[in-house]
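Overview (structure and organization)
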Amino acid sequence: MTNFEKSDGELGLDFSIIDPKMTVKAMRDSGYKSTTHALAELIDNSIESGASTIEIFGLSRINESTQTKRLQELAVLDNGQGMNRQTLRSALRYGHGTRRERRGIGRFGMGLPNSSMSQARRLDIWSWQSGATNALHTYLSLDEVESGVTLIPEPQLQKLPEAYLQCTRMLYGNSGTLVVWSELDRVEWRRASTTFKHTEFLLGRIYRRFLANDTDRLHLEDTRNEDIGPRRKINLIPIDEEDEGEFVVRDEEIVEVRPNDPLYLMNGTSCPEQFGNGPMFTELPEFSPTSISVDYGGREFEVQIRASYVRPLARDFKQEGAAWPEQFHGLDAGNSPWGKHAAQNLGVSLMRAHREIQLDESWTSPSEPRDRWWSIEVDFPTELDEVFGITNNKQGAVTFQRLATFDWRREVLDDEQSKGDVRRRMEADGDPRIFLQRVHDHIDRCRSTMRARIRQYRITRHTQDDSYDEETVADKKASDVIKKREQDGYRGDSDKAAESGTEQEHREEQVRSLTEKHRLDPDDALRKVEETLKTDSRVRWIQSDQQSPAFFDVEPLPSVIQVALNRNHPVHSHLWEVMHPDMLDDDSVEQLQEQLSKAASAFRILVYSWARYEEEQTGRDRKNVRDARIEWGRYAEEFFDDPEDELGPTDLV
């Protein structure tokens, strides 16, 4: 019989659905962003097992071939509930897992073997439920898998390794688990003692809610504290093996992981707090916290969103309450220790089951250093894993990341003309982004509001520090004209409002307008009002989000005419930056000329829009509109034409 006539068995072919050797190789190539991310899978298991203390060890010893001290083992020890014989053996199976329901941190039951084999060729595990002296041991070896072994070894009683018996800083309790990685062929670290200091930053952010005091974890109105449980402790412990069997731990090298809160609202975090008292950021009052319902699979789930941005005292050493060390006075806040810390927490933090999945930088601009001064946290339940596109190893959220660049105008097909057309087609196609449109829109609102406030704060600081600028001159000129007209007998609503009430009542009314109507931060609002009173200004210029077709709003307040440019109007993007050149960071002459040209074009279009508005009026309405234009021109003439003033029409060109 020829080879063509032989059966598959006679040819030695194996048509099993899964090839163990190739499966394990593919799994270890599946990709963890770093060794720390791989270790996080083991910490997930410890937290789900009820551990209150978790220790991560890095064991270094002399490499015989190079005679240099190198990291040889990584280990994770916890005081959780431990595993029995069957559960322990099952835990090393790919895709099996010990928690099949989708409620906790885990996902597909692949965390322990997948993360371990992504970094090491051998995994040993001990677990006990009746004292550490009764620990059961089993292992997974890539060498054995490649040689044809297909079964997880039966767990056997075995003493814990001496290194971890000697070097732990917690008492071995009645139950617990120890996982040891050896033959570290993919770990990027050389020595644990130096690397652990950097590891703290990432682990502190991923597990910040588990590490923080229960009063800092969530917003005060959030009732989910019980879901997180008691405060956890994670220690990073470098071990040096000096001689065979002699293990040394230097207390000063032990790192206790502190919370790392990208919202910068928690206390006792890893952020250097040399700027002053209190947290570095403040919560965005009008938009945070917000709960958004997502309808998926016939059920409604809540997505929680929080947003925060920098307090003035952390950006300017002259602000009230600022306590910067003298060596940082006059420096840009971005170069301060807390500014550099914030730069490493850039992006939108995605939280699942109180554990960070990723910090998504897709929502920030690489060319905008001010993006470090705001933060957004999106918190969703595990039932929405498919909606957010959570990967098997919890390394990312594919759909959520795509959402960052979503713009319905770029999604339009030839036969579509509106956002509604795009939405209906996405629904028909089953595009998962459709479930998160409200989440996207809310993040956009938060982001644009905070960016504008951060920019506006810089303008305020510029005005305070400089004795002369165009804004100050314009406000002074307008105030002088208004006072003169008042003396000549012309009275407006702001003059009338000032006739009743005390100065304190006037101050409170102005602050109330800025905070309640225009949604300014209370500290910013009070500062603006105090500045107006101090300079005896009769005008104030701000910007705010308004649901109005008008591109600016006029509000008479006691002794002040408040003009608010509408951030939601197209005119805003054409005029705002060129009216505040201090916001154009390090722009070239060509870019500044482009901005001026853009503003000139916007002014011309504004005049054209008025002309068309006037032209379309009929009868008495046309006369009223024309008279209003003429009267406005008379007012403008009075505001501009004063040969004794520094600001004339030519200065505005």
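Residues numbered from 1 in each chain as written. Predicted model: local features only at pLDDT ≥ 70, side-chain atom pairs only at ≥ 80, totals over all residues. Heavy atoms only, no water.

This part takes up the overall build of the protein. Along the backbone of the protein there are 23 helices and 18 strands. Looking at the 653 residues of the protein, the share that counts as buried comes to 47%. Here the analysis covers contacts within the protein between residues at least 6 apart in sequence; of these, 65% occur between residues at least 24 apart. Taken as a whole, the protein presents about 33,700 Å² of accessible surface, with 48% of it coming from carbon and sulfur. (Helix = DSSP H or I, 4+ residues; strand = E, 2+ residues; numbered from the N terminus. Buried < 20%, exposed > 50% of the residue type's maximum accessible area, 1.4 Å probe, protein only. Contact = heavy atoms within 4.5 Å. Areas by Shrake-Rupley, 256 points an atom, 1.4 Å probe, with all protein chains shown as cover.)

Its location among the elements puts N392 in the loop between α12 (385–388) and α13 (398–403). As for N392 and G111, which are separated by 281 residues in sequence, their C-alpha atoms are 8.8 Å apart.

Between helix α3 (residues 35–48) and helix α8 (residues 192–206), whose axes approach to 11 Å, the crossing angle comes to 45 degrees. In terms of axis orientation, α3 runs oblique to α8. The two elements α3 and α8 cross, and the hand of that crossing is right-handed. On α8, the residues that touch T36, H37, A40 and I43 of α3 are T199, L202, L203 and I206. Of the residues belonging to the contact of α3 with α8, the class tally is five nonpolar, three polar and no charged. (Axes fitted to C-alpha atoms, helices over the stretch in contact; angles between N-to-C directions. Parallel < 35°, antiparallel > 145°, perpendicular 65-115°, else oblique. Left-handed = near helix turned anticlockwise from the far one by under 90°. Nonpolar A, V, L, I, M, F, W, Y, C, P; charged D, E, K, R; others polar.)

Contact pair helix α19 (residues 503–517) / helix α20 (residues 522–535): the axes reach a minimum separation of 9 Å and the direction vectors enclose 135 degrees. In terms of orientation, α19 lies oblique with respect to α20. Considering only the axes of α19 and α20, their crossing is right-handed. Between α19 and α20, the contacting residues are R507, Q510, V511, L514 and T515 on the first element and P522, A525, L526, K528, V529, E530 and L533 on the second. Across the contact of α19 with α20, the residue classes break down as seven nonpolar, two polar and three charged.

Glancing now at the confidence of the model for the protein. Predicted coordinates in areas of low pLDDT are best not read in detail. For the protein, mean pLDDT is 83; residues scoring 70 or higher make up 83% of the total. Here residues 581–587 is a poorly scored stretch, pLDDT under 50, and it has 15 contacts once near neighbours within four places are set aside; other chains count. Per-residue pLDDT stays below 50 along residues 643–653; that stretch engages in 11 contacts with residues further than four places along the chain or on separate chains. (pLDDT = per-residue confidence, 0-100.)

Turning next to the nonpolar core. With 46 residues, the main nonpolar core has I56, W181, Y207 and I234 as its most contacted residues. It is α3 that provides the largest number of residues to this core, a total of six residues. When residues no more than four places from it in sequence are discounted, the contact partners of I56 are L39, I43, A75, V76, F196, L203, I234, N235, L236 and I237. If you look at the next biggest cluster of nonpolar residues, it comprises 45 residues, including V294, L384, I390 and A404. (Core = buried A, V, L, I, M, F, W, Y, C linked by side-chain atoms within 4.5 Å.)

This next bit is on the sheet that holds strand β17 (residues 552–557). On the basis of which strands lie adjacent, the open sheet formed by three strands has the order β16-β18-β17 and mixed pairing. Either end of the sheet is taken by a strand with one partner, and the two such strands are β16 (539–544) and β17. Adjacent strand axes in the sheet meet at a mean angle of 20 degrees when their direction is disregarded. When β17 meets strand β18 (residues 560–566), the two strands line up antiparallel, connected through six bridges. For P556, the partnering residue across the bridge sits in β18 and is I561. α19 contacts β16, β17 and β18 of the sheet and is inclined by roughly 155 degrees relative to β17. (Pairing = 2+ DSSP bridges.)

Moving on to a nonpolar patch on the surface. Residues F552, V554, W632 and Y635 make up a contiguous nonpolar surface patch of about 410 Å² in total accessible area. If you list the elements that add at least two residues to the nonpolar patch, you get β17 and α23 (619–640). With respect to the helices and strands, F552 occurs in strand β17. (Patch = residues over 30% accessible without salt bridge, like charges linked within 9 Å, V, L, I, M, F, W, Y side chains within 5 Å. Salt bridge = Lys/Arg side-chain N within 4 Å of Asp/Glu carboxyl O.)

Below, the discussion takes up the pairing of strand β15 (residues 374–380). Of all seven residues in β15, seven are buried; the element is thus mostly enclosed. Summarising the sheet, strand β12 (residues 299–310) and β15 pair through six bridges and their orientation is antiparallel. Pairing of Y309 across the sheet is with W374, part of β15. Two strands pair when backbone bridges link them, and strand β13 (residues 348–352) and β15 are joined in this way by five bridges, in the parallel orientation. From the neighbouring strand, M351 faces β15, where its bridge partner is D379.

Inspection of every chain in the model, using the stated rule, returns 13 aromatic pairs. Between the aromatic rings of F275 and W338, the centroid separation amounts to 5.8 Å while the plane-to-plane angle is 70 degrees, which identifies the pairing as edge-to-face. Highlighted residues: F275 in the loop between β9 (255–256) and β10 (281–283) and W338 in helix α11 (residues 337–343), separated in sequence by 63 residues. For the pair F275 and W338, one class covers both residues: buried. Centre to centre, the rings of Y296 and F435 are 5.3 Å apart; their planes meet at 85 degrees, and the pair counts as edge-to-face. One end of the pair, Y296, is in strand β11 (residues 290–296); the other, F435, is in the loop between α15 (419–429) and α16 (437–465), and 139 residues separate them in sequence. With relative accessibility at 26%, the residue Y296 sits in the partly exposed group. Residue class for F435 comes out partly exposed when judged on its relative accessible area of 31%. Positioned above the aromatic ring of Y139 is the side chain of R122, whose terminal nitrogen or guanidinium carbon lies 4.3 Å from the ring centre. Looking at R485, its charged tip hangs above the ring of Y490, at a distance of 4.1 Å from the centre. (Phe/Tyr/Trp six-rings, centres within 6.5 Å; stacked < 30°, edge-to-face > 60°. Lys NZ or Arg CZ within 6 Å of the ring centre and 35° of its normal.)

In a structure, side chains of opposite charge can pair up when their charged atoms sit close to one another. Counted under the stated rule, the structure contains 41 salt bridges. The partner of E356 in a salt bridge is R205, with the nearest N and O atoms 2.7 Å apart. You can see E356 sitting in strand β14 (residues 355–360) and its partner R205 sitting in helix α8, a full 151 residues away along the chain. Grouping residues by exposure puts E356 and R205 together as buried.

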